[in-house]
Amino acid sequence: MSAGDLVARMNTMSLAEIRDAWKAHLAQDPPQLRTRDLMALAFAYRLQVRSQGEMSGPAKRRMAELGRRFQRDRNYRPSPGPSLKPGSSLVKEWRGKRHEVRVLGDGFSYLGERYGSLSEVALRITGTKWNGLVFFGLKERQR
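Cut-offs applied
Residues numbered from 1 in each chain as written. Predicted model: local features only at pLDDT ≥ 70, side-chain atom pairs only at ≥ 80, totals over all residues. Heavy atoms only, no water. Pairing = 2+ DSSP bridges. Helix = DSSP H or I, 4+ residues; strand = E, 2+ residues; numbered from the N terminus. Expected span 1.5 Å × (residues − 1). Buried < 20%, exposed > 50% of the residue type's maximum accessible area, 1.4 Å probe, protein only. Arc of directions from axis to C-beta.

Turning to the pairing of strand β2 (residues 97-104), a few remarks are in order. Direction of pairing for strand β1 (residues 89-94) relative to β2: antiparallel, over a ladder of six bridges. Following the sheet pairing, S89 is matched in β2 by R102. Counting the residues in the hairpin turn of β1 and β2 gives two residues, including R95, whose phi is positive at 50 degrees. In this sheet, strand β3 (residues 107-110) lies alongside β2 in antiparallel orientation, the contact comprising three bridges. Bridge assignment links R102 to a residue of β3, and that residue is S109. Hairpin connection between β2 and β3: a loop of two residues separates the two successive antiparallel strands.

Spanning twelve residues, helix α2 (residues 15-26) covers 16 Å between terminal C-alpha atoms, matching the ideal 16 Å at 1.5 Å per step. Turning to α2, its buried residues number three or more, namely I18, A21, W22 and L26. Down the axis of α2, the buried side of the element spans an arc of 110 degrees, and every buried residue falls inside it. A27 occupies a position one or two residues after α2 and carries a positive phi of about 55 degrees.

The values reported here are purely geometric and, on their own, carry no functional implication.
Here it is in structure tokens:
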């Protein structure tokens, strides 16, 4: 059974069945969680990590910060981030050279080439990995 099929079936599984599936699919003992729902969430997360990889450090820190904010204020609503409209341009001066990026409906255009993300454009300009939103000044750098 695939991981996707297993996750889809988890809603109908008992706590004991989820523990048995954990042992079978992850080859380790499951944690001693006492509720079926928590065990199902933990198992689904472990299956996701196995297939997709662990979250990055910045993503984990962002999730922890959001958790703290929601705990303090149940009505907290994070901002969705910048909205870039197709046809607009982003301009960045880097090492004395002006770089202009055009926003497309499905990505970005820079020097006549199409890119799927601003991070790809930032990599092309600088030769190093950057968060594209940070590089173009649309988001503050996380510390």
